[in-house]
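Now for the letters of each chain:
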Amino acid sequence: MIGLWQRLWSRFWLRGLQFSGRYGRLDTLYRMRDPWQLDGSLEQRRFMVTNRIIKARYGRANRLLELGCGEGMQSLHLREICHELTGLDVSPRAIARARERLPGARFLAGPGEQLALLLPGERFDLVIACEVLYYAADPALLLSQLQSASDQLLVTVFAPLAGLLDGPGWEALEPITAGKLLWHCRVWRAPGVTLR
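For the structure given in this document, a descriptive report is provided here. (Residues numbered from 1 in each chain as written. Predicted model: local features only at pLDDT ≥ 70, side-chain atom pairs only at ≥ 80, totals over all residues. Heavy atoms only, no water.)

**Quick notes on the environment of Thr-177**
Rules: The helix and strand labels rest on DSSP assignments: H or I over at least four residues marks a helix, E over at least two residues marks a strand, and numbering proceeds from the N terminus. A 1.4 Å probe rolled over the protein chains alone gives each residue an accessible area, and that area as a share of the maximum for its type sets the label: buried under 20%, exposed over 50%, partly exposed in between. Here, residues are in contact when the closest pair of their heavy atoms is within 4.5 Å.
With respect to the helices and strands, Thr-177 occurs in strand β6 (residues 170–178). Look at Thr-177 and you get partly exposed, because its relative accessible area is 34%. As a C-alpha pair, Thr-177 and Arg-45 span 132 residues in sequence and 8.3 Å in three-dimensional space. Beyond its immediate stretch of four places on either side in the chain, Thr-177 contacts Arg-45, Leu-182 and Trp-183.

**Section: the pattern of salt bridges**
Put simply, the rule is: A carboxyl oxygen of Asp or Glu within 4 Å of a side-chain nitrogen of Lys or Arg is what we treat as a salt bridge.
One pass over the structure, following the stated rule, counts eight salt bridges. Among the ionic pairs, Arg-106 bridges to Glu-122, the shortest N-O distance being 2.7 Å. Linking Arg-106 in strand β3 (residues 106–109) with Glu-122 in the loop between α6 (115–118) and β4 (126–130), this pair joins segments that are 16 residues apart in sequence. With relative accessibility at 29%, the residue Arg-106 sits in the partly exposed group. Asp-166 is the salt-bridge partner of Arg-186, the closest N and O atoms lying 3.8 Å from each other. Placement of the pair is Arg-186 in strand β7 (residues 181–189) and Asp-166 in the loop between β5 (152–157) and β6, with a sequence separation of 20 residues.

**Details of the side chain of Arg-97**
Along the polypeptide, Arg-97 turns up in helix α5 (residues 92–101). Arg-97 has contacts with Tyr-30, Arg-31, Met-32, Arg-33 and Glu-71, leaving out every residue within four places of it along the chain.

**Comments concerning the state of the cysteines**
Test applied: Pairs of cysteine sulfur atoms within 2.5 Å are what we label disulfides.
The final tally for this structure, using the stated rule, is zero disulfides. Between Cys-185, a free cysteine, and Cys-130, which holds the nearest cysteine sulfur, the sulfur-to-sulfur gap is 7.4 Å.

**Quick notes on the packing of aromatic side chains**
The condition that has to hold: Each aromatic pair joins two rings of Phe, Tyr and Trp (for Trp, the six-membered one) with centres within 6.5 Å, and gets the label stacked for planes under 30 degrees apart, edge-to-face for over 60, and tilted for any other angle.
This model, assessed by the stated rule, comprises two aromatic pairs. Seen in terms of ring centroids, Tyr-134 and Tyr-135 are 6.0 Å apart; in terms of plane orientation they differ by 90 degrees. Their pairing is edge-to-face. By the burial criterion, Tyr-134 is buried, and Tyr-135 matches it. Relative to Trp-183, the ring of Phe-158 lies with its centre 5.7 Å away and its plane at 25 degrees, an arrangement referred to as stacked. Placement of the pair is Phe-158 in the loop between β5 and β6 and Trp-183 in strand β7, with a sequence separation of 25 residues. Taking relative accessible area as the criterion, Phe-158 reaches 41% and is therefore assigned partly exposed. Residue Trp-183 is classed as buried on the basis of its relative accessible area of 0%.

Distances and angles like these do not, on their own, reveal function.
Here it is as structure tokens:
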């Protein structure tokens, strides 16, 4: 019964949020724990496959930034493949839970569009943005902020975003699947950057 109630609550609060930048509504979702059901087996599989992709392409990252870290569910996996993990999410409620879950990582509340203000001058070996671009009012602006913080990005989305994840530097990888779900996986490298 809780699963049904949780899905209905999430659908209500997500209505009209795609490409809106209305991040306060996302924070409202975190009145309940794990509103995205990321502790479920399908999402846990996505996290494990994402880690395998990162290890195969980049090795162990020194500094990794996770955009849209939420309560730190994927962060638990990511800490295994990096030395220093920073998570950023628009929800202060989610960030508080992420800090409890992984006290050794750094978590900040704020929008990715303000990355330069939140983490001035900081550079990361890799930035990941899994299932979050849909909520930005301007996904292209958000991507440019992420690209200014790292020479390498990994992005997963349910459906490719109209040319934003194609073009110079972008590469499509094998989709990540779990059950009937399919996530498109794209990586970006700045010009001149080579893989290990």
